[in-house]
Structures are given as structure tokens and as C-alpha cells.
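The chain contents come next:
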Amino acid sequence: MTAVDSRPVAGSASGSHCWTTGDRIKAFVALTKPRIIELLLITTVPVMFLAAQDVPDLWLVLATCLGGYLSAGGANALNMWYDRDIDALMERTRNRPLVTGVVSPRECLAFGLTLTVVSTVWFGLTVNWMSAGLALGALLFYVVGYTMLLKRRTKQNIVWGGIAGCMPVLIGWSSVTGEVSWAAVILFLVMFFWTPPHYWPLSMKVKDDYARVGVPMLPVVAGNRAVARQIVVYSWVMVAISLLLWPLGYTGWFYPVVAVAAGAWWLWEAHALHARARAGATGAKLKEMRLFHWSITYVSLLFLAVAIDPFLR
């Protein structure tokens with residue numbers, strides 16, 4: 001029996017529970033994966049400052065953030081709807097709303113589709129239609145490209161699937177300017193090469209979960225040494241691309257100082273992980289989550305510098 005064949009009917013679990021209104025509200029919020037969306041907004045708002053070379057219109061920032069939340073939330077809900085079979089079998093996802101039965105598959109699907117429509121219309125009417133198109137494209141790529149086509153079929157799933165997570169950079173820029181410039185493309189590429197070395201350490205930690213359900217994340221099909229080597233390669237490319245904004249004239253002195261310092265620390269951690277993997281470290285001794293946690297700090301510092309730099313030029 002495959003994971004797809006064993007897809008649970010989440011609604012059947014609800015019969016043995018009496019879910020309160022509060023439980024239901026929390027469950028629908030959980031469907032949007034708010035912690036992940038926080039990270040997406042961290043890359044959206046600073047880019048708006050860089051695009052405006054000043055403080056952007058606050059209403060525009062609010063409208064863009066709300067649209068981004070609704071769009072990403074819709075994508076995440078549809079992701080949970082499709083992945084409810086493997087979510088029920090994985091330790092880290094077994095408490096998700098569809099698995100516990102707080103929300104039924106039909107409700108989740110309707111919720112995700114509603115957020116998709118509402119977010120697209122919201123972007124078009126309050127921001128601009130280019131941003132609306134980019135947001136819809138990101139949602140469709142995440143749900144169809146990553147969740148349905150790539151995730152269960154290739155070890156490169158997170159590499160190409162990460163494109164959806166890079167789109168907020170383009171959305172933030174286009175919301176201010178109505179177009180996409182090379183500065184936005186550079187930051188898009190930073191996020192593209194950031195995503196695999198950000199996620200692979202976490203995948204190393206929970207690879208048994210992915211192996212159990214047949215999802216070929218790179219750490220499942222390759223050894224720690226090979227994964228760590230890929231992390232180092234992607235990390236060097238990411239740091240190199242992050243430094244392009246300054247020589248191309250998009251930033252002043254502040255951004256490259258932060259980019260160099262944060263990038264150097266990232267590379268130190270990446271090489272340290274590779275060294276531990278080469279030495280045969282496993283379990284707690286591998287310390288793979290050090291890079292995962294630093295990766296979130298890194299992207300926060302980098303994009304904070306993007307927002308601050310225009311005021312120091």
C-alpha cells in the first residue's frame with residue numbers, strides 16, 4: 001500500500017471529538033502555516049523600501065502584506081489538502097488539522113481555493129495586477145509544481161519547488177514600481193540558492209520521516225557527506241550573488257558590509273557541517289540544525305540591511 005492509497009479521511013476523526021469554535025478557528029489559521037508566512041513577509045517589505053528608496057506608502061505595505069498572507073495561506077492550505085496522506089504518517093506533521101480531523105478535506109479545499117481567489121482579486125484591486133499575477137503564479141507553482149509534481153518524484157524537489165518562496169521578492173518590488181528590475185532578480189536568486197541549504201539541514205534531521213512516506217528529499221537518497229557538500233556549493237553561490245547589488249549600484253555601503261559579515265558566518269557554519277559529515281558524525285554530533293537556525297537569522301539580517309541601506313546612502 002502506498003502513502004497515497006492510505007490517505008486518511010480526516011473528517012471521520014471528528015465524530016469522536018467535540019471541537020469548539022476556538023479549536024476550529026485555530027485550525028483554519030494553522031492551515032495557512034503562519035510561521036512560514038512570517039519569513040515570506042521578511043523578504044517582501046524590505047524590498048519595498050529598496051524599490052522606493054524611501055519609506056513606501058504604508059497603505060501599500062499593508063495591502064501587499066495582507067495579499068501576501070492570503071495568497072501564501074491559500075497555497076499552504078492546498079498543500080495540506082493534497083499531502084494529508086503522508087502528513088498522517090510523519091511524526092512532524094501528525095497534528096495538522098486534517099490529520100486530527102478538526103477540519104475536513106472538503107473544508108480545507110474550499111478554504112484554500114477561496115483564499116486563492118480573494119488574494120488575487122485583492123492584489124489586483126489594491127496593489128496592481130502585475131503583483132496579482134506574480135502572487136497567483138507563485139501559488140500555482142507551489143501547489144501544482146512542487147506539491148503535486150516534484151515533491152514525491154525527485155530529489156531536486158526543494159531546489160525547484162523553492163521558486164515559489166522566492167516570488168515575494170518580485171511581488172514586493174512590483175507592488176511599488178509596477179515592474180521587475182535587476183535588483184529584484186538578484187534578490188530572487190539569493191532566495192533561490194538560499195532555500196536548499198536552509199531546508200536540507202532540517203531534512204537531514206527528519207529524514208526518517210520522509211523515508212517512511214517515500215518522499216525523496218536529498219538526505220533520504222544521499223548520505224550526509226553528499227548533502228553537506230551540496231549545501232556548501234549552494235552557500236557559496238548564494239553569498240556571491242548577494243554581493244552583486246552593491247557593484248551594480250543598487251545599494252550603498254551598509255548593505256555589502258552586512259552581506260559580507262553574515263555571508264562569512266554562513267559559510268563558516270556550512271563548512272563546519274561538511275567537516276562533521278566527512279568525519280562520520282551522526283545524530284546529535286552532526287549538529288545540522290545549527291545551520292538551519294542560522295539560515296533564518298541570515299535572511300532576516302540580509303533583508304533588514306536591504307531596508308536600511310537607502311537611508312544611509
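Engineer: Hey, could you run me through the overall build of the protein chain in this one?
Structural biologist: Within the protein chain, the regular secondary structure consists of 15 helices and 0 strands. On C-alpha atoms alone, the protein chain measures out to a radius of gyration of 20 Å, which is about the 20 Å that the 2.2 N^0.38 rule sets for 313 residues. In terms of its C-alpha atoms, the protein chain occupies a principal-axis envelope of roughly 60 × 55 × 30 Å. Per-residue burial for the protein chain yields a buried fraction of 52% across its 313 residues. Look at the contacts in the protein chain between residues 6 or more apart in sequence, and 76% of them connect residues 24 or more apart. Taken as a whole, the protein chain presents about 14,000 Å² of accessible surface, with 68% of it coming from carbon and sulfur. In the protein chain, 25 side chains carry a positive charge and 16 a negative one; their mean positions are 9 Å apart.

Engineer: I would appreciate a short explanation of the nonpolar core in the present structure.
Structural biologist: One recurring pattern in soluble globular proteins is that nonpolar side chains are buried together. Counting residues in hydrophobic clusters, the biggest one holds 86 residues, and the most contacted among them are Leu-187, Trp-266 and Tyr-298. Broken down by element, the residue count for this core peaks at 14 residues, all from helix H10 (residues 182–205). With residues near it in sequence (within four places) discarded, Leu-187 still touches Val-47, Leu-50, Val-169, Leu-245, Tyr-255, Phe-303 and Val-306. In this structure, Ala-27, Ala-77, Val-103 and Cys-108 belong to the second largest nonpolar core, which totals 9 residues.

Engineer: Quick question: what am I supposed to make of the pattern of salt bridges here?
Structural biologist: Scanning all chains against the criterion turns up 9 salt bridges. Measuring nitrogen to oxygen at the nearest pair gives 2.8 Å for the salt bridge that ties Arg-24 to Glu-107. With Arg-24 in helix H1 (residues 21–31) and Glu-107 in helix H6 (residues 105–126), this pair connects stretches of sequence that are 83 residues apart. On the accessibility criterion, Glu-107 (28% relative accessible area) is partly exposed. For the salt bridge of Arg-94 with Glu-91, the shortest nitrogen-to-oxygen distance reads 3.0 Å. Judged by relative accessible area, Glu-91 falls into the partly exposed class, the value being 47%. Sharing partners across several salt bridges, the network here consists of Asp-83, Asp-85, Lys-151 and Arg-152.

Engineer: Help me understand the packing of aromatic side chains in this model?
Structural biologist: Each aromatic ring pair is characterised by the separation of its centres together with the angle its planes make. Here the structure, examined in full by the defined rule, presents 12 aromatic pairs. When the centroid spacing of 5.4 Å and the interplanar angle of 90° are considered together, the rings of Trp-200 and Tyr-234 count as edge-to-face. Taken together, the residues Trp-200 in helix H10 and Tyr-234 in helix H13 (residues 224–242) connect sequence positions 34 residues apart. Each member of the pair, Trp-200 as well as Tyr-234, carries the same accessibility label: buried. Ring geometry for Trp-265 and Trp-294: centres 6.4 Å apart, planes at 75°, overall edge-to-face. Remark: Trp-294 occurs in helix H15 (residues 289–308) and Trp-265 occurs in helix H14 (residues 254–278); sequence separation between them is 29 residues. Each residue in the set Trp-160, Phe-192, Phe-193, Trp-200 and Tyr-234 is aromatic and connected to the rest through ring pairs, giving one cluster.

Engineer: Even after reading the chapter, I still don't get the side chain of His-274, so can you show me in this structure?
Structural biologist: Structurally, His-274 can be placed in helix H14. Judged by relative accessible area, His-274 falls into the buried class, the value being 15%. With residues up to four places along the chain from it excluded, the contact list for His-274 reads Arg-225, Ala-228, Arg-229 and Val-232.

Engineer: Explain a nonpolar patch on the surface here, please?
Structural biologist: There is a patch of nonpolar side chains on the surface, built from Val-55, Leu-58, Trp-253, Val-257, Leu-304, Ile-308, Phe-311 and Leu-312 and spanning about 770 Å² of accessible area. You can see Ile-308 is positioned in helix H15. Judged by relative accessible area, which is 32%, Ile-308 ranks as partly exposed.

Engineer: Before we go on, may I ask you to explain the environment of Tyr-199 in this structure?
Structural biologist: One can find Tyr-199 in helix H10. Between the C-alpha atom of Tyr-199 and that of Thr-21, which follows or precedes it by 178 residues, the distance is 34 Å. Within the structure, the side chain of Tyr-199 is placed 2.3 Å from the side chain of Tyr-210, a separation counted as a polar contact.

Engineer: Where do I start with the packing of helix H7 (residues 129–150) against helix H9 (residues 163–177) in this structure?
Structural biologist: A pair of packed helices is characterised by two quantities: the angle between their axes and the separation of those axes. Relative to each other, H7 and H9 sit at 175°, their axes nearing to 9 Å. The angle between H7 and H9 falls in the class roughly antiparallel. Packed against H7, whose contacting residues are Met-130, Ser-131, Leu-134, Ala-135, Ala-138, Phe-141 and Tyr-142, the element H9 presents Ile-163, Ala-164, Met-167, Leu-170, Ile-171, Ser-174 and Ser-175 at the interface. Among the residues forming the contact of H7 with H9, the class breakdown is 11 nonpolar, 3 polar and no charged.

Criteria and thresholds
Residues numbered from 1 in each chain as written. Predicted model: local features only at pLDDT ≥ 70, side-chain atom pairs only at ≥ 80, totals over all residues. Heavy atoms only, no water. Helix = DSSP H or I, 4+ residues; strand = E, 2+ residues; numbered from the N terminus. Rg over C-alpha atoms; globule rule 2.2 N^0.38 Å. Buried < 20%, exposed > 50% of the residue type's maximum accessible area, 1.4 Å probe, protein only. Contact = heavy atoms within 4.5 Å. Areas by Shrake-Rupley, 256 points an atom, 1.4 Å probe, with all protein chains shown as cover. Lys, Arg positive; Asp, Glu negative; His and termini not counted. Charge placed at Lys NZ, Arg CZ, Asp CG, Glu CD. Core = buried A, V, L, I, M, F, W, Y, C linked by side-chain atoms within 4.5 Å. Salt bridge = Lys/Arg side-chain N within 4 Å of Asp/Glu carboxyl O. Phe/Tyr/Trp six-rings, centres within 6.5 Å; stacked < 30°, edge-to-face > 60°. Patch = residues over 30% accessible without salt bridge, like charges linked within 9 Å, V, L, I, M, F, W, Y side chains within 5 Å. Polar contact = N/O pair within 3.5 Å; in protein donor to acceptor, adjacent residues only side chain to side chain. Axes fitted to C-alpha atoms, helices over the stretch in contact; angles between N-to-C directions. Parallel < 35°, antiparallel > 145°, perpendicular 65-115°, else oblique. Nonpolar A, V, L, I, M, F, W, Y, C, P; charged D, E, K, R; others polar.

The quantities given are spatial measurements derived from coordinates; they are silent on function.
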